[in-house]
Amino acid sequence: MEGAQDWKTIVKENPKAQLDFQVRVHILEARELQPRDRNGMSDPVCYVELLDKKDHTVIHKKTTICTWDHLFFFEFHVLPEEFFAGKIRITVYDANTILRNVEIGSFELDTGYVHGLQGHEIYRRWVALSDSSGKHNNIQGYLRMSCTVLAPGDAAPAHTEEEEDDEESTGTDLQSMVLLPPSIKSESHKMEISVHKGDGLPKMDTFGKCDGYIAVRYGSNPEVCSEVQKTTFTPEWNEKLSIPVRLPSMSDKIIYQLRDYDRDSSDEIVGTVHLKYSEVSDPSKGWNDPRWVNFYGTPEEIDEKGITNSAKLAKKMNAGYLEGSCFRGRVLTSIRSSLFPDAKVGKDKISPVKEPASDKYTLRFDAYEGSEFITDEEVSVEVSVGKSKVETKKTKCKHGSASWYASVDETTLVLPTDPSQIPDVFINFYKHGLTSKKRFGYIRMKASELGANSETRWEMVKPDVFTAKDKVQVGGFFQFRINLAPAAQLGQRKALTKPTMVKYQFRAHIYQGADLPSGDADAASDPYLVINLGPHSVKTKIIKSTLFPLWYETLTFDVELPEPLNTAPNVHVTCWDWDQFDSDDLLGRFSVPVTKLKKEFSEVPKWFDLYENDPTATEGRILASFQLIPASQLGTVPQAPSIRPKFKDCTVEVSAIGLRELLPYQLLPMQKPFIQFDCGDTKVKTKTCTNPSAANPNHLEVLRLDVKIPEDKLYSVPLNIKVYDDRLITKPMVAYRSLSLTPFLPWTSPPTMEELDENAPKMVTEIPGAALAAKETPAEDHVILDLPSDATTEEDVKKGLLEAASDAAPDLLDIRNNLIKSLAERTLPEVAESFLPGSSEEKEEVVEEKRKTLKNELELSLTAPAFGVYQLYRATQSKGRTIRYEAGKFKGKIRVIDKSSTAPVEPSLDLVSLFQPKQYVVRVYVLEGYQLVPKDSDGKNNPYIALKLNGKTIEKDVQTKKQETSRPQFFKCYEISCKFPQESLITVQCWDWDQLGADDLIGQTKIDLENRIYNEEWKALEYKSIEYRSLWTSSSSSPQGQLKLWVDIMTPEQAAKSPKEDISPPLPMGYEMRVIVWNTREVVFKDKNMSDIFVTGYPEGQDPQVTDVHWRSEDGTGAFNWRMKFPITLPTTQNRFKLQIWDKDILNPNDAIAEANLNFKSLYKRAYKQKSSRQEIEKQWVTMTHPAATGTQGQVEVSFELLDLEEARRRPAGMGRSEPNENPHLDPPVRPETSFNPFRLDKMISKVLWQQHKWKIYIGCGICIAVIIAIIVIYLLVVFA
């Protein structure tokens, strides 16, 4: 776990390395979601997207407030640049069954932004949601979430329940329990990106030019694109792309991309620039005015289409994930950002603008020489600035060296006056075959580095990733001078002539190496050095099978170097691993300028760090010194003396306890392992051992090696630990480790932490199977024994040792503070019994109070482990690179005894007596799990605990599995009887139970009990610390969650006297919640001058219950006297209760009027803790709102009762107003006569038509009667006329 390299170090060593990353997104809840359905509500569901992965929560029905508590885990194996350029997009939709989901709002975070925060996380933070479609401009709701972004080597953060603010309200005031929307100050800005014109675009089409357009992406907004300008290398867009920005924002990255449109296939990326909003929005940064933005990517002849490795690399390079190796065009751009309330995504045409000021620049290029080129063909060198190029003539390259000493004709270029807008300068190196010309490397530099005063320099050539072999990290070295400046700043060009060559004698004094990288499958190397100076090179002898080679060689050759020496090449030293049947592997390199070499011999050599590509990413060191003597002064400089240091006769004593967790070798488990220790020419080995098992043998042998060790601690002497497996025919080496003995020397001062870290080799974990070994067990390469800081005599040391390690094995000597003069060891008594914990009958709260809680593994906090535990390694080949991974551990004690010292030597450890088998009782108290990686589609698990002892399952607690949770509350003690030292490794596993199919391993953690029982610091604790232990699996190098636990160890006699602590929480208790909706008031109208009111209510996770309808409320009041009943089980994590007011519609969907979410955590906690039979909240008015409206939308008068099941049976009550209608009795509500169901026609006529329109009816009837009489009269007059 701790041995894994930091991701930055891995990338520096191998820029093309794909690494494992993990993202955790915890979607907690949403409030004030804007409605998207006709009923004034939504069916919210939350989607989380990152790179090519997407997942979602469950759907909540008909609400604007919801709680998901859904934990997402995403794991990626990608390039770091690709991962950190990614955006975590969180979108809340209104879910629809048939039609497409409708977006409510979204939010984006940059992965790089989150990873750069303290703890690499955002914890329980509210964010504002905005509509990325642009249809709605204001905040569309609020989302509470956590996000963690982990790279290799990052520790996962842990949080206690106290940190989880749940807005708990005490007392019985209902209004104070209403959860309000968060207060987030937000401003709407508009970012305007003006895309004016392009220049120097590459040829993208086979028979054409380039169909270029610009695409911009920022935050959660949709991508905005300019128009396509077809078949041109110099497009003119003159468009303004508008993008809304809501501040504050957790997204800073703007993806600014130049693309080529293809009608019949997907568009191609020409180049990508990652801008930062925080910079481009700052007027002082100069983005308000038009400026050239330069694009870089692949050479023009490389096609990114297809499935070849070359095409994949091209896509990544043009997308900005790998360093661009060629200029790909430039675009004139200006960017402004301003406060704008109603900003929307859009684009507009704008007028052309003037280009930035430009000057005439003169380019001068002088080519001197090159060395260590990765070709022996003819070579030419080209310098390009934008589309302008100059090139040298071809010259022969022999043994990687080429010489020009020529000036290329100077060229006049028109470039921006502002140097930051000038394209980068590329020096391209081409090898020429009979009919072809192919680039094999390049150097890329900023134009600002190459002004009028630029001097001659040597630079490393980067290999062209499209033509170089996988193992090649350096394309060579090149000496040149480039001046790029306005002509007025340049003086007259001096003629370049081949410099005067002076004869020198070069001497390389090579002492030794330390901590070299692994090059072979046994995790060692067969190293040798090659020293180059100009065309000359020499080679050391090969030292077989070591990471700490001892050469002690002086290599000499004569060489001619130019005067002055600042034009001479550097001394290049490369370290190689010799392979008998394959090409040798480069382990590292370093360079020394010849100007720093002196003619005198240095008595004190220097350690030089090795690197492959980036000088800041080092692994391994070489101890060396160099001389450069003018031939004319050889007579005055004596020959170098022997470089072998002064030695002391010593004994290296290894108390070999045994091996631990040896991995199978070549698919076969261990048979009969033994250990060989090498130091110089001396070798000793243990006997084969399979007790208690071949994978965990206890050798219990004390071995001694008589060796000569340098007196000066500058010189490192290795102790090689080699593990072999005695099989029927062969004895393969199955694990290896080299240790420097310098920290163990009794005559030196205590080592620094830097010196100690040299013993810990760097490693990567990017191969299948390596992750388990690398991650499941913590590395304990260095253990610490704290002695009194004022200890100056042997007696002080002894006193300190006795106080710190009274009856356990003294610590290893490979830590700070345990190396003081005359440090000696002693035979140790049996393990004392005084460390055993006392018993306690207190519950969980008391347990938490009396024990210290650590947010990581306990062994990481112990400063004085009892024995040294050294990781053993194995290696394998992966994509042309040697990958080292953990293959097991060696546990033991090492000391160096000075034979010439007159101080008394303490007797050796009696390992057999110390490790006499003893019976112990181990109690593992598992409290809870934290952020367990979900194995089920709903983002939860059904977790249970299993335990293994030395690899054998002894407990599988399926019966007590927890249901549907990522934070299970186990609170259970597991008691194990075991025998030390045979059974000392406990594995605690967490599994996900599946009803169908095999259960899934969530993760596991391993606890070495020996490291505790023999540790004084651990024994001194009266109450053992609670620890958060990360869970690991072989399929991932990222933690899979954490378990919170502690461990007690005791003898059987003490276990009998000390009963297990009762940490189990009280049993769940059943309750009945009774809710009475009495009245409503101030309810807004949804129909014309009235509402048909009803109320719904339900606890989180249950179905809603509904009152009857108060029809035709004309004043916003409603009377109900309606009882609801819900079963509640305490304790619970679902503490919310939701109330809603609706308007009933007959033909259309009901209309949501108002909503409130109540937090009953305090009520539930009080009832559960007091074991009370009845908790009551008397009827109160609750004010309710709606996110789509302003102000109060209605009030509900409501009361709550929480009864245990016995009290509920004793006080029966019916639903609504049904029988038994008591406790309390609910009378039918008194409603106006106009409140009735509209389907009652008799009521409709008598109560509505007659009451409201009777005078109109009277008048209408009178008019009808009068008309009838008139008709009759007229009829009679006509008939009888």
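Residues numbered from 1 in each chain as written. Predicted model: local features only at pLDDT ≥ 70, side-chain atom pairs only at ≥ 80, totals over all residues. Heavy atoms only, no water.

S.K.: Account for the overall build of the protein, with residues named and values stated.
M.R.: In terms of regular secondary structure, the protein is built from 17 helices and 60 strands. Counting only residues that meet the buried cut, the protein has 57% of its 1281 residues in that class. Summarising the internal contacts of the protein: among those between residues at least 6 apart in sequence, 72% fall at separations of at least 24. As displayed, the protein offers around 55300 Å² of accessible surface, 51% of which is attributable to carbon and sulfur atoms. (Helix = DSSP H or I, 4+ residues; strand = E, 2+ residues; numbered from the N terminus. Buried < 20%, exposed > 50% of the residue type's maximum accessible area, 1.4 Å probe, protein only. Contact = heavy atoms within 4.5 Å. Areas by Shrake-Rupley, 256 points an atom, 1.4 Å probe, with all protein chains shown as cover.)

S.K.: Would you mind going over unusual backbone geometry in detail, with residue names and values included?
M.R.: Put simply, Leu247 and Pro248 share a cis peptide bond, and its omega is 0 degrees. Along the chain, Pro248 falls in the loop between strand S12 (236-247) and strand S13 (253-260). Look at the link from Leu1130 to Pro1131: it is a cis peptide, with omega at 0 degrees. Mapped onto the elements of the fold, Pro1131 is located in the loop between strand S56 (1118-1130) and strand S57 (1136-1143). You will see that Asn238, though not glycine, has its phi angle at about 50 degrees, which is positive. Here Asn238 is to be found in strand S12. Within the chain, Phe971 stands out as a residue other than glycine whose phi angle is a positive 45 degrees. The residue Phe971 is located in strand S47 (residues 969-980) in this model.

S.K.: Describe the nonpolar core, with residues and values.
M.R.: Core analysis: the largest hydrophobic core is formed by 45 residues, its most contacted members being Phe506, Ile531, Leu533, Val571, Phe590 and Phe626. If you list the elements that add at least two residues to this core, you get strand S27 (501-514), strand S28 (527-533), strand S30 (550-562), strand S31 (571-577), strand S32 (585-592), strand S33 (606-611), strand S34 (618-630) and strand S40 (733-740). Other than its neighbours up to four places away in sequence, Leu533 contacts Phe506, Phe557, Val559, Leu561, Pro569, Asn570, Val571, Val594 and Leu628. Listed in part, the 38 residues of the second largest apolar core include Leu858, Phe867, Phe915 and Phe970. (Core = buried A, V, L, I, M, F, W, Y, C linked by side-chain atoms within 4.5 Å.)

S.K.: An account of the sheet that holds S12 is requested, with residue identities and associated values reported.
M.R.: Within a sheet, neighbouring strands are paired by backbone hydrogen bonds and run either parallel or antiparallel to one another. Read from one edge to the other, the open sheet built from five strands follows the order S15-S16-S9-S12-S17, with strand pairing classed as antiparallel. With partners counted over all chains shown, the strands left at the sheet margins are strand S15 (291-297) and strand S17 (346-349), one partner each. When the angles between neighbouring strand axes are averaged without regard to direction, this sheet yields 30 degrees. Bridging between S12 and S17 involves four bridges; their strand directions are antiparallel. From the neighbouring strand, Glu239 faces S17, where its bridge partner is Lys349. (Pairing = 2+ DSSP bridges. Axes fitted to C-alpha atoms, helices over the stretch in contact; angles between N-to-C directions.)

S.K.: Break down the pairing of strand S36 (residues 673-679) for me, with residues and values.
M.R.: Taken across its seven residues, S36 has seven buried, putting it largely inside the fold. The alternating pattern of S36 places Pro673, Ile675, Phe677 and Cys679 on one face and Phe674, Gln676 and Asp678 on the opposite face, and all of these are buried. One ladder, built from six bridges, connects S36 with strand S39 (residues 718-725); its direction is antiparallel. Of the residues in S39, the one forming a bridge with Phe677 is Ile721. Relative to strand S37 (residues 682-685), S36 is paired through four bridges, and the arrangement is antiparallel. Bridging across to S37, Phe677 finds its partner in Val684. Between S36 and S37, which pair antiparallel and follow one another directly, the connecting turn spans two residues, one of which, Gly680, has a positive phi of 65 degrees.

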